[in-house]
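The lines below spell out each chain.
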Amino acid sequence: MIAEKMKNMVANSSAIRAMFEEGNRLAGIYGAENVYDFSLGNPNVAAPEAVKQAIRELLDEEDPVVLHGYTNSNCGYADVRETVAASLNERFGTHFEGKNIVMTVGAAGGLNVILKSLINPGDEVIVFAPYFGEYRSYTNNYDGVLVEISPNTENFQPKLDEFEQKITPKTKAVIVNTPNNPTGVVYSEETIRRLAAIMDAKQKEYGTEIFLISDEPYRELVYDGAKVPYLTKYYANTVVGYSFSKSLSLPGERIGYLVIPDEVSDSEELLAAANVATRILGFVNAPTLQQKLVAKCIREKTDISFYDRNRETLYNGLRECGFECIKPEGAFYLFVKSPAADEKEFCAAAKKYNILIVPGSSFGCPGYVRLAYCVSYGTIVNSLPKFKELSKEYFS
């Protein structure tokens, strides 16, 4: 018999993955070209050519015993961590050293490492809806309590008044995700400054430490000149989690890092905890070949013009059909208001046209649906007539 905690997790397994699997089933029946699967945020843009070349160079140049072996520290190769720190300093005017970097098994692995390092049973972790649904499970892994801030459906910036009211002496961490999954919204600098001021004041009021965890897998995917503030510059107790899954189109390679600045309370102790957490969670260390790869390709970026074209075409096409949504500034998602009161009913209606979308309740925001537009341009274009047919069920 499986663990009691897992029973609920299995029963509420990811709606995103379930929809993706349904897409594979429908493709087998109708042909992949006749299924419009917007369920999974799986990049369809190939990794830069430099990535392929770097892998070849590493395999030719590096000692295979070292390249495929354990790292001396669970935090990763020292030279890779120095390279990451130097890149961040160059881009954001920070002053990190290699010791501030923990190489991780993607952003998800990094979040689990930092939560394992910080959370005691009963500690509260605040998230802003809509939010990546796995935050629930990651918090539950360590017997923390997830506290949701209700969504601001006007512009999807965080509701900071409600946030201020919901911080308690048990609040240990706040997770922000900008550019945001599922909305594509970038939190403004004003938002970040206000959020940081609230957290500073609450730390003083309660005499506690509250950590801001910035989950940043979509940092490089921004459009129209949007700027994403680097949060360590606004709040001392900030930890950054990053992934190369989107910036280099390497989602299956599971490579990312944590930044734990010196300014964080008891930073040396937290870095030591993250090192141990990497080991005892079973990661041992981040994939070694991928560590060396991202260090070689630290200046490379995926060509996001493909996503931008998809964004413009899908956004404009859906608006013409009568659907309501805000135009995303980053990531590769559209968050669309459901024309049906129950967005799951709308998802079911869309499936009749072989359109697969994810209900907003998976992100703590009922009444909306998410579309991942990291698909082929042909899928976007060919789906629009089907969306038009679907719209007639609601707007005719």
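Note: the structure precedes this text.
Visitor: Explain the overall build of the protein chain to me, please; I cannot follow it from the model alone.
Guide: On a plain count of helices and strands, the protein chain comes out with 14 helices and 13 strands. In summary, the protein chain has a C-alpha radius of gyration of 21 Å against a globular reference of 21 Å for 396 residues, a match within 12%. C-alpha atoms of the protein chain, sized along the principal axes, occupy 60 × 55 × 50 Å. Every one of the 396 residues in the protein chain was classed for burial, and the buried ones make up 56%. Partitioning the intrachain contacts of the protein chain with sequence separation of at least 6 by distance along the chain shows that 74% fall at a separation of at least 24. Carbon and sulfur atoms make up 49% of the accessible area of the protein chain, which amounts to about 16900 Å² in all. Averaging the coordinates of the 41 positive side-chain charges in the protein chain and doing the same for the 51 negative ones gives two points 4 Å apart.

Visitor: It is not clear to me how the packing of aromatic side chains should be interpreted in this structure. Could you clarify?
Guide: Each aromatic ring pair is characterised by the separation of its centres together with the angle its planes make. Counted according to the given criterion, the structure contains 21 aromatic pairs. Both rings, one in Tyr 242 and one in Phe 244, keep their centres 5.2 Å apart while their planes meet at 85 degrees; by these two values the pair is edge-to-face. Residue Tyr 242 shares its accessibility class with Phe 244, and that shared class is buried. Judged by centre distance (5.0 Å) and plane angle (25 degrees), the ring pair of Tyr 242 and Tyr 257 falls under stacked. Of this pair, Tyr 242 sits in strand β7 (residues 238–243) while Tyr 257 sits in strand β8 (residues 256–259), and the two are 15 residues apart along the sequence. Judged by relative accessible area, Tyr 242 falls into the buried class, the value being 3%. The exposure class of Tyr 257 is buried, given its relative accessible area of 4%. Through successive ring pairs, a cluster of aromatic residues spans Phe 38, Phe 323, Phe 346, Phe 387, Tyr 394 and Phe 395. Against the face of Tyr 77 rests Lys 292, its NZ or CZ located 4.4 Å from the ring centre. Looking at Arg 309, its charged tip hangs above the ring of Tyr 377, at a distance of 3.8 Å from the centre.

Visitor: Which parts of the structure should I look at to understand the packing of helix α13 (residues 343–351) against helix α14 (residues 377–395)?
Guide: To characterise two packed helices, one gives the angle between the axes of the helices and the distance between these axes. Closest axis-to-axis distance for the α13/α14 pair is 10 Å, and the angle between their directions is 135 degrees. On the basis of the axis angle, α13 is oblique to α14. The two elements α13 and α14 cross, and the hand of that crossing is right-handed. Here Glu 345, Phe 346, Ala 349 and Ala 350 of α13 come into contact with α14, specifically with Leu 390, Glu 393 and Tyr 394. Residues of the contact of α13 with α14, tallied by class, amount to five nonpolar, no polar and two charged.

Visitor: I would appreciate a short explanation of the packing of helix α5 (residues 78–92) against helix α11 (residues 288–296) in the present structure.
Guide: With their axes 9 Å apart at the nearest point, α5 and α11 run at an angle of 35 degrees to one another. Between α5 and α11 lies a crossing of left-handed hand. On α11, the residues touching Asp 79, Val 80 and Thr 83 of α5 are Gln 291, Lys 292 and Ala 295. Grouping the constituent residues of the contact of α5 with α11 by class yields two nonpolar, two polar and two charged.

Visitor: I keep staring at the environment of Phe 332 and nothing clicks. Help me out?
Guide: Following the sequence through the fold, Phe 332 ends up in the loop between β9 (324–325) and β10 (333–337). By relative accessible area, which is 0% here, Phe 332 ends up buried. Separated by 283 residues in the primary sequence, Phe 332 and Glu 49 have C-alpha atoms spaced 22 Å apart. If sequence neighbours within four positions are ignored, Phe 332 has contacts with Gly 41, Pro 43, Tyr 218, Leu 221, Tyr 223, Lys 246, Tyr 307, Leu 371, Ala 372, Tyr 373 and Cys 374.

Visitor: Whenever I open this one, the environment of Val 294 confuses me. Can you help?
Guide: On the secondary structure map, Val 294 appears in helix α11. Once the C-alpha coordinates of Val 294 and Ile 210 are considered, the two residues, 84 residues apart in sequence, prove to be 31 Å apart. For Val 294, the contacting residues outside a window of four places in its chain are Met 103, Phe 244, Leu 248 and Ile 255.

Visitor: Even after reading the chapter, I still don't get α13, so can you show me in this structure?
Guide: An α-helical turn contains 3.6 residues, so any two residues separated by three or four positions project in the same direction. Of all the positions in α13, only Glu 343, Phe 346, Cys 347, Ala 349 and Ala 350 are classed as buried. Down the axis, α13 shows its buried residues gathered within 160 degrees of arc, on one side only. In the core, the buried residues of α13 are packed alongside β11 (355–356), β12 (358–359), β13 (368–372) and α14. The residue sitting at the N-terminus of α13 and contributing the capping side-chain oxygen is Asp 342; that oxygen lies 2.9 Å from the backbone nitrogen of Lys 344.

Visitor: Teacher, can you tell me more about the sheet that holds β13 here?
Guide: Remark on secondary structure: sheet strands pair via backbone hydrogen bonds, oriented parallel or antiparallel. Here we have four strands laid out as an open sheet, ordered β9-β10-β13-β12, and antiparallel in their pairing. The sheet terminates laterally at β9 and β12, the two strands that pair on one side only. Note: β10 against β13, five bridges, orientation antiparallel. Bridge pairing in β13 links Tyr 333 to Ala 372. Sitting on the sheet, helix α12 (residues 305–321) touches β9, β10 and β13, and the angle it makes with β10 is about 10 degrees.

Cut-offs applied
Residues take numbers from 1 onward in each chain, read along the sequence in its written order. The predicted nature of this model means local features are confined to residues of pLDDT at least 70 and side-chain atom pairs, given and counted, to a pLDDT of 80 or more, with totals for whole chains, interfaces and linings taken over all residues. Hydrogens are left out, water is left out, and the side-chain values use all remaining heavy atoms of the structure. Under the scheme used here, helices are H or I runs from DSSP no shorter than 4 residues and strands are E runs no shorter than 2 residues, and both carry numbers assigned from the N terminus. The globule rule used here is 2.2 Å times the number of residues to the 0.38 power, and the radius of gyration it is set against is calculated over C-alpha atoms. Type-normalised accessible area, obtained with a 1.4 Å probe on protein chains alone, sets the label of each residue: buried when under 20%, exposed when over 50%, and partly exposed for intermediate values. Contact criterion: two residues are considered in contact whenever any of their non-hydrogen atoms come within 4.5 Å of each other. Shrake-Rupley sampling with a 1.4 Å probe provides the accessible areas, and residues are treated as covered by the protein chains on show and by no other component. Neither His nor the chain ends is counted toward charge; the positive residues are Lys and Arg and the negative residues Asp and Glu. Positions of charges follow a simple convention, taking NZ of Lys, CZ of Arg, CG of Asp or CD of Glu. Ring geometry is summarised as follows: Phe, Tyr and Trp rings, the Trp one being its six-membered ring, pair when their centres sit within 6.5 Å, and such pairs are stacked at plane angles under 30 degrees, edge-to-face over 60 and tilted between the two. Criterion for a charge above a ring: Lys NZ or Arg CZ within 6 Å of the ring centre, and within 35 degrees of the ring normal. Axes here mean lines fitted to C-alpha atoms, for a helix over just the part in contact, with angles spanning 0 to 180 degrees between N-to-C directions. Roughly parallel covers angles under 35 degrees, roughly antiparallel covers those over 145, roughly perpendicular covers 65 to 115, and oblique covers all other angles. Take the far helix as your reference; a near helix turned counterclockwise from it by less than a right angle gives a left-handed crossing, and one turned clockwise gives a right-handed crossing. Three classes are used, and their members are as follows: Ala, Val, Leu, Ile, Met, Phe, Trp, Tyr, Cys and Pro are nonpolar, Asp, Glu, Lys and Arg are charged, and the others, Gly among them, are polar. The directions considered for the arc run from the helix axis to the C-beta atoms. N or O atoms within 3.5 Å of each other form a polar contact, as long as, within protein, one can give a hydrogen and the other can take it, and as long as residues adjacent in sequence are counted only when both atoms are side-chain atoms. In this analysis, strands are considered paired if DSSP registers two or more bridges between them.

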